Amino acid sequence: MSVKVLPEEVAAKIAAGEVIERPSSVLKELIENSLDAGASRVSVSAEKAGKALIRVNDDGAGMSPEDLRLSVMRHSTSKIAAFEDLDALGTYGFRGEALFSALAVSRLKITTCRAGDEAASFIEGDSGAIKAEGKAAPARGTTVEVRDLFFNVPARLKFLRGDPSERAHLIRVVEEAALANPGVSFSLEVDGAEVFSLKADNGPWETACLARARELLGGKVAEGLTALEQNAGELSLRALFSLPDSLYATRQNQFFFVNRRPVSSKTLQQALYRGYDIMRGSKHPACAVYLDLPPAEVDVNIHPRKADVKFRAEGAVFKFVSGAVNARLLKTQRASVAIDPGASPARDEAAAPAPSSEVRAVFGAGKPPAAAGAAEQESVTDALFAAEPAPGGSGPSWYQPPVNYLGQLSKSYLVFESGGGLLVVDQHAAQERVLFEKYMDELVLGKIRVQPLVIPVSVELSASQAENIMRWQDWLKGAGFEIGRSGPTHMLLHATPALFYFSQEAAQELFGYLSEVLGEPSRSDEALKRNTVATMACKKSVKARDFLKPQEAQRLIEDLKTAKDSFHCPHGRPTLFHIGRPELARKFQRTTVI
Ligand code: ADP
Ligand code: MG
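Everything numeric in this text was worked out from a predicted model, so none of it was measured.

### So, the overall build of the protein chain
Okay, so step 1: A tally of helices and strands in the protein chain yields 19 helices and 22 strands.
Okay, so step 2: Of all 594 residues assigned to the protein chain, the portion counted as buried reaches 48%.
Okay, so step 3: For the protein chain, restricting intrachain contacts to residue pairs at least 6 apart in sequence, the fraction spanning at least 24 positions comes to 68%.
Okay, so step 4: Carbon and sulfur atoms form 54% of the exposed surface of the protein chain, whose accessible area is close to 27600 Å².

If you want it as structure tokens, here you go:
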């Protein structure tokens, strides 16, 4: 076989395949161009899931007739002239490949007009060639129409999914752009029917983004979100994310943006999950995370479709984000029940902790961090809480002395008077939280108190489970569990941490579970191992007794008061709710708070 140079048209189609994989990838490029052109309105319509038509109309700066012709040439871009410019780029585009690619693999028409132009100009073409051009009535902005995508690349066409799937991709792309740019109005029409129409909101980011989230993700998801804003040097983070009691079965509602660009980033996603600090099985938060940093700190160019990003200082970004999320969640109070449906929970307005010195060192500047939550709106419930006496000392807001134990309900709930209001505690959840933190403290300090069992507890597992768990023998010993084997499927528990009491059945479940979730001992993260073991052990060990004596209930509440997160059990369930005096008064329609 002899070496041949590919004909230009074939080369163009191959190159186009890198940029345009499916209808949603063209749409993404077109929307980015509109935003780069300074549009304040972007209107999208699609037919047949974008396979027949994608049209994007904007009110941006437009192009001159000469630039219009140039815009579909390869590597034509108004955004960089030299390679050095790449690092300093503040726009979405810079490769000059999107329109070139669209012309190669579809029937393309672009109509554009600048402010003050006497007429709009258009060009039309397909298969890489301009086939018609002319003038049209003036209207500032640009309309790009991509028809019959891949009509000349049948192999590609075959790889497209069914309409519902491609349609879902299209909608997602517009959702992402809309969440990232609340100051721009967006509308989407599919097969002649409006999917959404969102007004621009140029107010503070939190209200604007929350409003977008409400329209795009629904009121219920939006209600479960909390907000945070934190800066460290040149790193700036703004985020909306689910409170621990509002998690979902899928990752569907997770959006990440770096320098306003929608990205998929394992680093950011894992940082978010780490921020929750607790094991949640298959539950996922909803989020819109916006990270801004100097363009030189991030490489958006590792993927031709610019979907994945790489940070120069991955570790520092991870720490910054997980730390901020974690601090925010610990400070977020969900203690008061919203008696009125719709009333939002009270929030703790404490400033976020300073970012670690490592983060500050990496991102220079050393500017003091801004206080978090400054932009938060005061809700009705916040106002009511403000009217209550300030909690004594530095305890959580639900603890307002004197706190008196009133009794137990259904052998499960403990009822207290606190600050003249009603405090209801889920006894199991509270015990789990207290145990979890005590055990974690001992574990971190390496001071586990161990309780040898006079009669070892015998645990029966499958042979492979037993095999797995035995690989953890040494690590588990350090965590206070002494295990041995009495047969291929039989294990003996010789000692446990003194904090725990396990029935035979509970020990069985604990070790069955651990054998499934613990991976290779040396390869797992230390904090994760501790967390997993502690969470499960707490869950299994406290079921033993249900009745609590008043002194025990009182001790539990005092212990809970000093917990780092007194509001949730290690699995994220609420531990308590508090109905303050103002809410009681309101419930009984009293005009004054007693
Ligand atoms: P890139 O965005 O990487 O520069 P594109 O192929 O997407 O490359 O676009 C080429 C050029 O066409 C852009 O640099 C821009 O100057 C111009 N352009 C594209 N779309 C628009 C638009 N909607 N409004 C104004 N100019 C546009
Ligand atoms: Mg572009």
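### What to know about helix H18 (residues 550-561)
Okay, so step 1: Here H18 contains twelve residues, and its C-alpha end-to-end distance of 17 Å stays within 8% of the 16 Å for a straight helix at 1.5 Å per residue.
Okay, so step 2: Here the buried face of H18 lies against strand S16 (403-409), strand S17 (413-418), strand S18 (421-426), helix H13 (427-445) and strand S22 (576-579).

### Details of the sheet that holds strand S6 (residues 141-147)
Okay, so step 1: With mixed pairing, the eight strands of this open sheet are ordered in space as S5-S4-S3-S6-S2-S1-S7-S8. This sheet does not close on itself; its edge strands, each paired only once, are strand S5 (129-136) and strand S8 (193-198). In this sheet, adjacent strand axes meet at a mean angle of 10° when their direction is disregarded.
Okay, so step 2: Here strand S1 (residues 41-47) pairs with strand S2 (residues 53-58) via six bridges, running antiparallel. Note on S2: the bridge partner recorded for Val42 is Asp58.
Okay, so step 3: Strand contacts of helix H7 (residues 205-217): strand S7 (185-190) and S8, with the helix running at about 165° to S8, the strand carrying the most contacts.

### Details of the sheet that holds S17
Okay, so step 1: What the four strands build is an open sheet, ordered S16-S17-S18-S22; its pairing is antiparallel. In this open sheet, the two edge strands, each paired with only one partner strand, are S16 and S22. Going from strand to strand, the sheet's axes swing by 20° on average, the running direction of each strand aside.
Okay, so step 2: Both S18 and S22 contribute to a ladder of four bridges, which runs antiparallel. For Leu423, the partnering residue across the bridge sits in S22 and is His578.
Okay, so step 3: Docked against the sheet, H13 engages S16, S17 and S18, running at close to 70° with respect to S18.
Okay, so step 4: Running at roughly 120° to S16, H18 makes contact with S16, S17, S18 and S22 of the sheet.

### What about the packing of H13 against H18?
Okay, so step 1: Put simply, H13 and H18 touch, their axes get as near as 10 Å, and they point 55° apart. One element, H13, and the other, H18, form an angle in the oblique class. With respect to the hand of their crossing, H13 and H18 are arranged in left-handed fashion. Of the residues in H18, those in contact with Gln427, Ala430, Gln431, Arg433, Val434 and Lys438 of H13 are Leu556, Asp559 and Leu560.
Okay, so step 2: Considering only residue class, the contact of H13 with H18 consists of four nonpolar, two polar and three charged.

### Overview of the environment of Leu476
Okay, so step 1: As for its position among the elements, Leu476 is in helix H15 (residues 473-478).
Okay, so step 2: Separated by 53 residues in the primary sequence, Leu476 and Lys529 have C-alpha atoms spaced 9.8 Å apart.
Okay, so step 3: Not counting the four nearest positions on each side in its chain, Leu476 is found in contact with Ile469, Phe481, Ile483, Phe511 and Val533.

### Some details on the nonpolar core
Okay, so step 1: Ranked by size, the top nonpolar core spans 61 residues in total, and within it Leu27, Ile31, Ile110, Val146 and Phe186 carry the most contacts.
Okay, so step 2: By residue number, the principal contributor to this core is helix H6 (residues 163-180), which donates seven residues.
Okay, so step 3: Each of domain 1 (8-198) and domain 2 (205-333) gives at least three residues to this core.
Okay, so step 4: If you look at the next biggest cluster of nonpolar residues, it comprises 33 residues, including Leu435, Trp472, Leu476 and Phe511.

### Side note on the state of the cysteines
Okay, so step 1: Scanning all chains against the criterion turns up zero disulfides.
Okay, so step 2: With no disulfide of its own, Cys569 lies 9.5 Å from the sulfur of Cys538, the closest cysteine sulfur.
Okay, so step 3: When its relative accessible area of 1% is taken as the criterion, Cys569 is described as buried.

### Remarks on the packing of aromatic side chains
How two aromatic rings sit relative to each other is given by the distance of their centres and the angle of their planes.
Okay, so step 1: Under the criterion given, the structure shown has ten aromatic pairs.
Okay, so step 2: Geometrically, the ring pair formed by Trp398 and Tyr399 is edge-to-face, given 5.8 Å between the ring centres and 75° between the ring planes. Comparing Trp398 with Tyr399 shows no difference in burial state: the two are buried.
Okay, so step 3: Joined through ring pairs, the aromatic side chains of Tyr439, Phe481, Phe500, Phe502 and Phe511 make up one cluster.
Okay, so step 4: Over the ring of Phe255 we find Arg172, and its NZ or CZ is 3.9 Å from the ring centre.
Okay, so step 5: Just above the ring of Tyr290 sits the side chain of Arg238; from NZ or CZ to the centre is 5.7 Å.

### Considerations on the pattern of salt bridges
Okay, so step 1: Taken as a whole and judged by the stated rule, the model has 22 salt bridges.
Okay, so step 2: A salt bridge links Glu32 to Lys28; the nearest nitrogen and oxygen atoms lie 3.4 Å apart. Placement of both Glu32 and Lys28 in helix H2 (residues 23-36) is noted, with a separation of four residues, approximately one turn of the helix.
Okay, so step 3: The exposure class of Lys28 is buried, given its relative accessible area of 16%.
Okay, so step 4: Among the ionic pairs, Lys564 bridges to Asp441, the shortest N-O distance being 4.0 Å. On the criterion of sequence distance, the pair formed by Lys564 in the loop between H18 and S22 and Asp441 in helix H13 is long-range, its members being 123 residues apart.
Okay, so step 5: We classify Asp441 as partly exposed; its relative accessible area is 39%.

### Some points on unusual backbone geometry
Okay, so step 1: Between Pro401 and the following residue, Pro402, the backbone shows a cis peptide bond with an omega angle of 0°.
Okay, so step 2: Turning to its location among the elements, Pro402 is positioned in the loop between helix H12 (380-386) and S16.
Okay, so step 3: One non-glycine residue with positive phi stands out, namely Lys48, at about 50°.
Okay, so step 4: Relative to the assigned elements, Lys48 resides in the loop between S1 and S2.
Okay, so step 5: For Lys48, a relative accessible area of 47% corresponds to the partly exposed category.
Okay, so step 6: The phi angle at Ser410 is positive, at roughly 50°, despite the residue not being glycine.
Okay, so step 7: Along the chain, the position of Ser410 falls in the loop between S16 and S17.
Okay, so step 8: Ser410 sits in the exposed class, given a relative accessible area of 61%.

So, how was this worked out
- Residues numbered from 1 in each chain as written.
- Chains lettered and ligands numbered in written order.
- Predicted model: local features only at pLDDT ≥ 70, side-chain atom pairs only at ≥ 80, totals over all residues.
- Heavy atoms only, no water.
- Helix = DSSP H or I, 4+ residues; strand = E, 2+ residues; numbered from the N terminus.
- Buried < 20%, exposed > 50% of the residue type's maximum accessible area, 1.4 Å probe, protein only.
- Contact = heavy atoms within 4.5 Å.
- Areas by Shrake-Rupley, 256 points an atom, 1.4 Å probe, with all protein chains shown as cover.
- Expected span 1.5 Å × (residues − 1).
- Pairing = 2+ DSSP bridges.
- Axes fitted to C-alpha atoms, helices over the stretch in contact; angles between N-to-C directions.
- Parallel < 35°, antiparallel > 145°, perpendicular 65-115°, else oblique.
- Left-handed = near helix turned anticlockwise from the far one by under 90°.
- Nonpolar A, V, L, I, M, F, W, Y, C, P; charged D, E, K, R; others polar.
- Core = buried A, V, L, I, M, F, W, Y, C linked by side-chain atoms within 4.5 Å.
- Domains from an automatic or database assignment.
- Disulfide = S-S within 2.5 Å.
- Phe/Tyr/Trp six-rings, centres within 6.5 Å; stacked < 30°, edge-to-face > 60°.
- Lys NZ or Arg CZ within 6 Å of the ring centre and 35° of its normal.
- Salt bridge = Lys/Arg side-chain N within 4 Å of Asp/Glu carboxyl O.

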